[in-house]
Amino acid sequence: MSDIGDWFKSIPFITRYWFAGSIIVPLIGKLGLVSPVYLVLWPDYFLHKFQIWRPITSTLYFPVGPGTGFLYLVNLYFLYQYSTRLETGAFDGRPADYIFMLLFNWICIVITGLIMDMQLLMIPLIMSVLYVWAQLNRDMIVSFWFGTRFKACYLPWVILGFNYIIGGSIVNELIGNLVGHLYFFLMFKYPMDLGGRAFLSTPQFLYRFFPSRRGGVSGFGVPPPSRRPVAQDQGGAGGGRHNWGQGFRLGDE
């Protein structure tokens, strides 16, 4: 038990609580301590009966059973792996920035869930985090099942197909990928690569509650004040393509 405790304490702070909640809430539903009908997102109950906890519980709850247990464990593994890598990699020392990313993705997913009448939001949020990691490390070679190897930028789409094969829904993974792409485009690609304005920035109150620590990535999330066209910076070589993930590269797998 001490080994499990030490391992749990070694998980980064934000990922640790997200991971724990994603175990506790499904367990509560599985044991019948709270009926699962109170844990999922029902638009009518949320909007008209003010059951405001539903967007949170529906992000943490997953119906674990004989037909869904493996899918749940696979996505729990993805949560642990890629949230940890982001929190200790690109967002190292900047918990406020990471919490803002999770909040932005979560709000977009909740809005989508209300519009599309989705009851479970765990997989879309996990996939949005995995998508951001894959884009920040897009040229890293990753390994998947049966020894297959490919660039990280393809990983979200490979997992989309994998989850569909083992019983998931393409809609969940697709929404997660689209929301992750929206965050990545607005926070990184549009202001930094295309020279546009910064539409996203971490609110100051989050920095007050979660101050940055020394040793984090310098200037993370702050778009440059000006950006010359790519062709001028690179003299037109290489087709003007940037190697996204160069400054955020995590360790090789």
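Positions within a chain are numbered from 1, following the residues in the order the chain's sequence is written. Given that this is a predicted model, residues contribute local features only at a pLDDT of at least 70 and side-chain atom pairs are listed and counted only at 80 or more, while totals for whole chains, interfaces and linings are drawn from all residues. Side-chain figures throughout are based on the complete set of non-hydrogen atoms in the structure, without hydrogens or water.

**Student:** Please clarify how the packing of helix α6 (residues 95-116) against helix α9 (residues 170-193) should be interpreted in this entry.
**Tutor:** Two quantities define a packed helix pair, namely the angle between the axes and the distance from one axis to the other. Packing of α6 against α9 brings their axes to within 10 Å, and their N-to-C directions diverge by 135°. Relative to α9, α6 is oriented oblique. Considering the relative orientation of α6 and α9, their crossing is right-handed. Judged by residue contacts, D97, F100, M101, F104, N105, C108, I109, T112 and M116 of α6 engage V171, I175, V179, L182, Y183, L186 and M187 from α9. For this scheme, ten residues count as nonpolar: Ala, Val, Leu, Ile, Met, Phe, Trp, Tyr, Cys and Pro. Four count as charged, namely Asp, Glu, Lys and Arg, and the remainder, Gly too, count as polar. By residue class, the composition of the contact of α6 with α9 is 13 nonpolar, two polar and one charged. Axis definition: a line fit to C-alpha positions, over the contact stretch in the case of helices; interaxial angles, taken between N-to-C directions, run 0 to 180 degrees. Under the DSSP-based scheme used, a helix requires at least four consecutive residues in state H or I and a strand at least two consecutive residues in state E, with every element numbered from the N terminus. Oblique is the label for any angle not under 35 degrees, not over 145, and not in the 65 to 115 range, which are roughly parallel, roughly antiparallel and roughly perpendicular in turn. For a crossing to be left-handed, the near helix must be turned anticlockwise from the far one by less than a right angle; the clockwise case is right-handed. Here a residue-residue contact requires only that any non-hydrogen atoms of the pair lie within 4.5 Å.

**Student:** Explanation requested: a nonpolar patch on the surface in the structure shown.
**Tutor:** Only residues above 30% relative accessible area that lack a salt bridge enter a patch, with like-charged residues linked at up to 9 Å and the nonpolar side chains Val, Leu, Ile, Met, Phe, Trp and Tyr linked at up to 5 Å. Each accessible area value is a Shrake-Rupley result obtained with a 1.4 Å probe; residue values ignore everything except the protein chains displayed when judging cover. Should a side-chain nitrogen of Lys or Arg be within 4 Å of a carboxyl oxygen of Asp or Glu, the pair is scored as a salt bridge. Taken together, L27, L31, L33, V34, V37, Y38, W42, Y45 and W53 make up a surface patch of nonpolar side chains, about 870 Å² in accessible area. Relative to the helices and strands, V34 resides in the loop between α2 (13-31) and α3 (43-48).

**Student:** Can you help me understand the UniProt feature "transmembrane region" (unreviewed entry) in the protein in this one?
**Tutor:** As recorded in UniProt, the sites labelled "transmembrane region" (unreviewed entry) are residues 17-40, 60-80, 101-134 and 154-186. The span residues 17-40 shows a helical share of 62% and a strand share of 0%, and its end C-alpha atoms are spaced 20 Å apart. UniProt positions are given in the numbering used here, feature names are shortened, and annotations may be inferred rather than shown by experiment.

**Student:** Would you mind showing me how to read the confidence of the model for the protein here?
**Tutor:** Close inspection of predicted coordinates is inappropriate in any region flagged by low pLDDT. Note: pLDDT gives the predictor's confidence per residue, expressed from 0 to 100. Summing up the model confidence of the protein, the mean pLDDT is 83 and the portion of residues at 70 or higher is 83%. Note that residues 216-253 has pLDDT below 50 and, in this model, 75 contacts with residues that lie over four places away or in other chains.

**Student:** Which parts of the structure should I look at to understand α9?
**Tutor:** Along an α-helix, residues three or four positions apart point the same way, because every turn accommodates 3.6 residues. The end-to-end C-alpha distance of α9 is 30 Å, clearly below the 34 Å that 24 residues give at a rise of 1.5 Å each. Bend is the name given here to the angle between axes fitted to two runs of seven residues, the run ending at a residue and the run starting at it. Helix geometry: α9 is bent most strongly at F185, by close to 50°. Positioned one or two residues after α9, G195 has a phi angle of 75°, which is positive. Any helix carries an expected span of 1.5 Å times its number of residues minus one.

**Student:** Explain the pattern of salt bridges to me, please; I cannot follow it from the model alone.
**Tutor:** Tallying each qualifying case throughout the model produces two salt bridges. D97 serves as the salt-bridge partner of R94, at 4.0 Å between the closest nitrogen and oxygen. Residue classification places R94 among the buried positions, given a relative accessible area of 18%. With a shortest N-O distance of 3.7 Å, K151 and D139 are connected by a salt bridge. Here's how the labels work: a residue is buried when its accessible area is under 20% of the maximum for its type, exposed when over 50%, partly exposed in between, all with a 1.4 Å probe on protein chains only.

**Student:** Explain the packing of aromatic side chains here, please?
**Tutor:** What describes a pair of aromatic rings is the distance from one ring centre to the other and the angle between the planes of the rings. Stacked, tilted and edge-to-face pairs are distinguished by plane angle, under 30 degrees for stacked and over 60 for edge-to-face with tilted covering the rest, among Phe, Tyr and Trp rings (Trp via its six-membered ring) whose centres lie within 6.5 Å. Applying the stated rule across the entire model yields 17 aromatic pairs. In textbook terms, an aromatic cluster arises when at least three aromatic residues are bridged by ring pairs, as seen for Y77, F78, Y82 and W133.

**Student:** It is not clear to me how the packing of α2 against helix α5 (residues 69-88) should be interpreted in this structure. Could you clarify?
**Tutor:** Look at α2 against α5: their axes get within 8 Å of each other, and the N-to-C directions meet at 165°. In this view, α2 runs roughly antiparallel relative to α5, as classed from their interaxial angle. The two elements α2 and α5 cross, and the hand of that crossing is right-handed. Packed against α2, whose contacting residues are F13, I14, T15, W18, F19, S22, I23 and P26, the element α5 presents Y72, L76, L79, Y80, S83, T84 and E87 at the interface. Of the residues that constitute the contact of α2 with α5, the class distribution is 10 nonpolar, four polar and one charged.

**Student:** I would appreciate a short explanation of the side chain of N105 in the present structure.
**Tutor:** On the secondary structure map, N105 appears in helix α6. Looking at N105, the relative accessible area reads 0%, which means it is buried. Those residues in contact with N105 that lie beyond four places of it in its chain are L125, S128, V129, V179 and Y183.

**Student:** Would you mind showing me how to read the environment of Y98 here?
**Tutor:** When you line up the elements, Y98 lands in helix α6. What makes Y98 buried here is its relative accessible area of 0%. Along the backbone, Y98 and T202 are 104 residues apart, and their C-alpha atoms lie at a distance of 9.0 Å. Setting aside residues up to four positions removed in sequence, Y98 forms contacts with I14, T15, W18, S83, L86, E87, F91 and V129. Separated by 2.6 Å, the side chains of Y98 and S83 make a polar contact. We define a polar contact as two N or O atoms separated by no more than 3.5 Å, with the added condition that, inside protein, one atom must be a possible hydrogen donor and the other a possible acceptor, whereas residues neighbouring each other in sequence contribute only through side-chain atom pairs.

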